[in-house]
Amino acid sequence: MLPRKEEPPVSNPVLMEVVDDIAVIAIANPPVNALSHAVRSGLDAAFAEIARRDDVKAVVIYGTDRTFIAGADIREFGKPPQEPFLPDLINRIEACVVPVVAALHGTALGGGLEVALGAHYRVAVPNARFGLPEVTLGILPGAGGTQRLPRLAGVEFALEAITSGRQISADEALKAGVIDRISDTSDVREMGLTYARELVASGATPRRTSELSPVPVAAEVFDAARTRLAKKARGQLAPQNCIKAVEGATRLSFAEGLANERALFQELMESDQRAALIHAFFAERQVAKVPEIKDVAPRTIDQIGVIGGGTMGAGIAVSALLAGLQVTLIERDADAVARAEANVSKTLQGSVKRGKLSQENYDAIMGGTFRASDDYATLAEADVVIEAVFESMEVKKDVFTKLDAICKPGAILASNTSYLDVNEIAAMTSRPEDVIGLHFFSPAHVMRLLEIVVADKTAPEVTATGFALAKRLKKVAVRAGVCDGFIGNRILSHYRKAGDGAVLAGASPFEVDRALVNFGLAMGPYAVSDLAGLDIGWATRKRLAPTRDPREVYAEFADRLCEAGHFGRKTGKGFYVYGEEGQVPNDEVLEHIAMERAAKGIAARKISEQEIVDRYMAAMVNEAARVVEEGIALRPLDVDVTLLNGYGFPRWRGGPMQYADTVGLDKILADIERFAQEDDFLWQPASLLKRLVAEGKTFADLNNA
Ligand code: 3HC
Ligand code: NAI
């Protein structure tokens, strides 16, 4: 017998009450009502009881608190599955002999939507959202979603929804036939009850989706999807299995289609890609858990100041404006102010075109929420000021001295510097506790990553405000310590050297780019340098030249390009030539490289694609291990989130540390020792890596410590 709602045992997340002749099942498993073992058992017991009773004429299932069911309990993945299994439970719900209504609010995702599809009738509040996001976790809807959605909403709709994993609005779901009605009743339980009462009154019977025949489609639809996704989701297993499962729904019986879905699901469950994507999901939530700000309240932020309206300043301003904040941007003179204003306006107009911003909000922003000026005094009331002027310590010191004089007490003074010492910048002010690094990535209104650089004297409250601001801007924030390049750029400098090392040893930059794109990177490192501007790396190399260790094998071929005025895309030529026919390799680079090899006495040899990847990854992981060891990153997972969200690392590999755990830390160490035979300065194994290998441990062990 299931407990009644009025006497719930503490641990039971599924409660049933019978209201008149309607069984109302509430799921209460905060925060997102995931279908844990306890929830599945509770639902199973509820339907067993309904089957035994003859006084129940209809059933309502709803979720308490903020949502219906957000899916299977991802924390249970990788552990031995426990009965009742979700597909069986949903079949049981569907088999119920009286009408079952799913009353939906919040997000009905994954297994949550599959439960709703197993119900006979679906009603939702207007702002409810739906989706089968399993593909983003490296799996597929494994509880009948690939069989029921095509039957209910059509094969092409289902194929697109399942392979993209995107969220669908209530309006779209209604149009597609995923739900039966939208109701603006504010009480979800009441909304379900009203619908159920109507169904009982009209003598409605169960409507089982599994009994519908899917509408047949031409085989080309699946072939086209396969080709498109082989390109778009290169290297990924889940999208392809999703297609196979939906295809099964068109040519197999429901039971056979379910069995096919299960087999394809199991294959994905056992894959490294599934483990990597779920690691990424949890890591992105774990990064916000920073011990020093636990229970620390952030300061209030309404008004933002931005200094510098170039590439980054304009992007940061747009990001803050889109989040509804007031922004004052400061430039050097009237001309620069006008250029910055034009930049911001153009980007915002792009947002209007893409439907991300209404014309009305655009007008409000340009009519006053955004102001640009050359007068620092207009920052007197700003809560946070983010400096994004030239990457020069002298210029930054000058700016922070001015800010210290003008800003109100309690204002946060932040720098967007890529490499410079935030402690030195903070020391320019009388309030180093209010100074922090907020390192955005370009384009700042698009890229999700924000490194929050905590200097020696930064107050925890200021760090907490940085994280709160990131959330408001819908960014993933990672805590970083102060060092040259913080987490991401520091690691980047190191693995870029490994790329250059592969080139000096015999590979071409184009082979390096190709190998890494095949590995899954969004772009190869030389194509990225061209995009960012070769002058940026050149300036950094010149800045660091005086401190460069004489034992370092310094690759000069990029400098040769810069000396000739080739800065990449912006000058039409860099490692590649950019013309009407797109991007083609610049053969001049090969001449510079050949000359450099000759001067250094290097005999070029064939470097395989695998060796390029091994070098690149070993260098990345090795430097990342140092970054963790020195406390610059709190945990290996912080490195993973940084590389995934700021550096185009393939999400389905989970980040470099997850990749290292997957291939084995002993392999990474052995690679480093092998490459050290060629260059024992670049390839010095991090002591953390050696220790973990000696102890038979993984980076994941540190994440969980
Ligand atoms: N299982 C376990 N925990 C989950 C979870 C899930 N499905 N979804 C969210 N959580 C946890 C989060 O880890 C977080 O925990 P924390 O507070 O300890 O960090 C907490 O719930 C709140 O999550 P968010 O911080 O993400 O809250 P938001 O309000 O920002 O977002 C959400 C809510 C949109 C539901 C988002 O959490 C989400 O997208 N969840 C995953 C949804 C999903 O992928 N469902 C499919 C699961 S796979 C499946 O169903 C397989 C089936 O086909 C067999
Ligand atoms: P940029 O050259 O495009 O813009 C700098 C702007 O600052 C110029 O418009 C200039 O007029 C203005 N400026 C200079 N001195 C000023 C002063 N005293 N007061 C007001 N404005 C002043 O440079 P970009 O690329 O936007 O970089 C800015 C900062 O952001 C640098 O520290 C850089 O390292 C960092 N950064 C750059 C990234 C990129 O991809 N471009 C990524 C992340 C950080």
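Reading the values: rules and limits
Residues numbered from 1 in each chain as written. Chains lettered and ligands numbered in written order. Predicted model: local features only at pLDDT ≥ 70, side-chain atom pairs only at ≥ 80, totals over all residues. Heavy atoms only, no water. Helix = DSSP H or I, 4+ residues; strand = E, 2+ residues; numbered from the N terminus. Rg over C-alpha atoms; globule rule 2.2 N^0.38 Å. Buried < 20%, exposed > 50% of the residue type's maximum accessible area, 1.4 Å probe, protein only. Contact = heavy atoms within 4.5 Å. pLDDT = per-residue confidence, 0-100. Arc of directions from axis to C-beta. Near = heavy atom within 4 Å. Polar contact = N/O pair within 3.5 Å; in protein donor to acceptor, adjacent residues only side chain to side chain. Areas by Shrake-Rupley, 256 points an atom, 1.4 Å probe, with all protein chains shown as cover. Nonpolar A, V, L, I, M, F, W, Y, C, P; charged D, E, K, R; others polar. Domains from an automatic or database assignment. Buried area = accessible area lost by both parts, 1.4 Å probe. Salt bridge = Lys/Arg side-chain N within 4 Å of Asp/Glu carboxyl O. Phe/Tyr/Trp six-rings, centres within 6.5 Å; stacked < 30°, edge-to-face > 60°. Lys NZ or Arg CZ within 6 Å of the ring centre and 35° of its normal.

K.L.:
Please give an account of the overall build of the protein chain that cites residues and values.
P.N.:
The helix and strand inventory of the protein chain stands at 29 helices and 19 strands. Relative to its length of 705 residues, the protein chain is compact, with a C-alpha radius of gyration of 28 Å against a globular reference of 27 Å. Overall, the C-alpha framework of the protein chain stretches about 90 × 60 × 55 Å when taken along its three principal axes. In the protein chain, which comprises 705 residues, the proportion classed as buried is 55%. In the protein chain, the proportion of contacts linking residues at least 24 apart, taken out of those at least 6 apart, comes to 73%.

K.L.:
Explain the environment of V476 to me, using residue names and the numbers behind them.
P.N.:
With respect to the helices and strands, V476 occurs in strand β17 (residues 476–481). Under the relative-accessibility criterion, V476 is labelled buried at 7%. Measuring from C-alpha to C-alpha, the distance between V476 and V422 comes to 21 Å, with 54 residues separating the pair along the chain. Setting aside anything within four residues of it in sequence, one finds V476 in contact with E284, V287, R448, L449, L450, V641 and N645.

K.L.:
An account of the confidence of the model for the protein chain is requested, with residue identities and associated values reported.
P.N.:
Averaged over all residues, the pLDDT of the protein chain is 96; the fraction at 70 or higher stands at 98%. Here residues 1–10 is a poorly scored stretch, pLDDT under 50, and it has 19 contacts once near neighbours within four places are set aside; other chains count. Interface confidence for the predicted complex, expressed as ipTM, amounts to 0.97; the pTM equals 0.94.

K.L.:
So what about helix α28 (residues 687–695)? Which residues, and what values?
P.N.:
Along α28, the residues classified as buried are L688, L689 and L692. Each buried residue of α28 lies within a common arc of 100° when the element is viewed along its axis, so the set occupies one face. In this fold, the buried residues of α28 make contact with α24 (609–629), α27 (665–676) and α29 (699–703). Of the residues one or two after α28, G696 is the one with positive phi, at around 65°.

K.L.:
I'd like to hear about the site of ligand 2, residue by residue, with values.
P.N.:
In the vicinity of ligand 2 there are 22 residues, among which M312, E331, E391, K396 and S418 approach most closely. Between an oxygen atom of ligand 2 and a side-chain N or O atom of R332, the distance comes to 3.0 Å. Measuring from an oxygen atom of ligand 2, one finds a side-chain N or O atom of K396 at 2.6 Å. Compared with its free state, where it exposes 830 Å², ligand 2 has 81% of that area covered by protein. Examining the composition of the shell around ligand 2, we find that 3 residues originate from one element, helix α15 (residues 393–406), more than from any other. A class-by-class count of the residues in the shell around ligand 2 yields 10 nonpolar, 8 polar and 4 charged.

K.L.:
Before we move on, could you go through the domain arrangement of the protein chain and cite the residues and values that matter?
P.N.:
In terms of domains, the protein chain is made up of domain 1 (14–269), domain 2 (301–480) and domain 3 (488–703). Of note, the centres of domain 2 and domain 3, computed from C-alpha atoms alone, are 30 Å apart. Counting from both sides, the interface comprises 13 residues of domain 2 and, opposite them, 16 residues of domain 3. When domain 2 packs against domain 3, close to 1200 Å² is buried across both sides, 57% of that on carbon and sulfur atoms. Area buried by domain 2 at its contact with domain 3 is led by Y419, L449 and R479, which between them contribute 44% of it. At the boundary of domain 2 and domain 3, one finds 0 salt bridges. Between domain 2 and domain 3 we count 2 residue pairs in polar contact (both at pLDDT 80 or more) in total. Elements represented by at least two residues in the side of domain 2 that touches domain 3 include exactly β16 (449–454) and β17. Considering every element that reaches the side of domain 2 that touches domain 3, the biggest residue donor is β17, with 4 residues. Tallied by class, the residues present in the side of domain 2 that touches domain 3 amount to 8 nonpolar, 2 polar and 3 charged.

K.L.:
Describe the site of ligand 1, listing the residues and the values that go with them.
P.N.:
Lining the immediate surroundings of ligand 1 are 26 residues, of which G111, E114, E134, R285 and K289 lie closest. The backbone of A72 places a nitrogen or oxygen atom 2.8 Å from an oxygen atom of ligand 1. A distance of 3.1 Å separates an oxygen atom of ligand 1 from a polar backbone atom of G142. Calculation on ligand 1 without its partners gives an accessible area of 990 Å², and the protein chains cover 76% of this total. Secondary structure elements with two or more residues in the shell around ligand 1: β5 (107–109), α3 (111–118) and α11 (272–286). The greatest single-element share of the shell around ligand 1, amounting to 3 residues, is contributed by α11. When the residues that make up the shell around ligand 1 are grouped by side-chain class, the tally is 14 nonpolar, 5 polar and 7 charged.

K.L.:
Tell me about the packing of aromatic side chains, and please be specific about residues and values.
P.N.:
Per the stated rule, a full pass over the model turns up 12 aromatic pairs. Residues W538 and F567 carry aromatic rings whose centres are separated by 6.3 Å and whose planes lie at 45° to one another, so their mutual orientation is tilted. Remark: F567 occurs in the loop between α22 (557–563) and β18 (576–579) and W538 occurs in helix α21 (residues 534–544); sequence separation between them is 29 residues. Ring pairing ties together the aromatic residues F519, F649 and Y659, which thus form one cluster. Its guanidinium or amino end placed over the ring of Y195, R181 lies 4.0 Å from that ring's centre, counting from NZ or CZ. Against the face of Y526 rests R496, its NZ or CZ located 4.6 Å from the ring centre.

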